[in-house]
Amino acid sequence: MPKLPGINHLQAVKALEKAGFRVVRQGKHIVMSDGVRILTIPRHNPVNAITMGGIVRDAGLTIEEFLLHQAVQIQPQSKLCAFGQLLIAFCNTTSSFILLYRNA
């Protein structure tokens, strides 16, 4: 089972929104609900790893599922390099390059 690092509270909110939760109210904490469960996320940067693990468990998700929802999607601003076999995508949110092989 992979470990869950402490993450920014905004990243946690985005990942939980992808999992079906919606923000109910905000203040010193962010309260989210999916209609059945209610989650409270502190506005700490980063949210403690143990606290984040409890929030993920209370959401009814496994750590793997949460990390999949948290994964950054490839931006449509991708360019094909001169070789034609390698796709280089720049991801704005993580300021990193993602290399993918193109099926010929």
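Computed from a prediction, not measured in an experiment: that's the story for all the values here. Positions within a chain are numbered from 1, following the residues in the order the chain's sequence is written. Predicted model: local features are reported for residues with pLDDT of at least 70 only, side-chain atom pairs are reported and counted for 80 or more only, and whole-chain, interface and lining totals are derived from all residues. Here the side-chain values reflect all heavy atoms present in the structure, with hydrogen atoms and water set aside.

Draft legend 1. Local environment of the environment of Leu-61. Along the chain, the position of Leu-61 falls in the loop between helix H2 (49-58) and helix H3 (63-70). According to the relative accessible area criterion, Leu-61 is buried, its value standing at 17%. Between the C-alpha atoms of Leu-61 and Leu-16, which are 45 residues apart in sequence, the distance is 9.6 Å. Per the convention used, a helix needs a DSSP run of H or I reaching at least four residues, while a strand needs a run of E reaching at least two, with both numbered from the N terminus. For each residue, the accessible area found with a 1.4 Å probe, counting protein chains only, is set against the maximum for its type, and the residue is called buried under 20%, exposed over 50%, and partly exposed in between.

Draft legend 2. How the structure looks around the pattern of salt bridges. When a carboxyl oxygen of Asp or Glu lies within 4 Å of a side-chain nitrogen of Lys or Arg, that pair is called a salt bridge. Enumeration according to the criterion identifies 2 salt bridges in this entry. The salt bridge partner of Asp-34 is Arg-37, with a shortest N-O separation of 3.7 Å. For Arg-37, a relative accessible area of 34% translates into the label partly exposed. Across the pair Asp-58 and Arg-57 runs a salt bridge whose closest N-O atoms are separated by 3.9 Å. Among the residues examined, Asp-58 registers a relative accessible area of 45% and is labelled partly exposed. Residue Arg-57 is classed as exposed on the basis of its relative accessible area of 61%.

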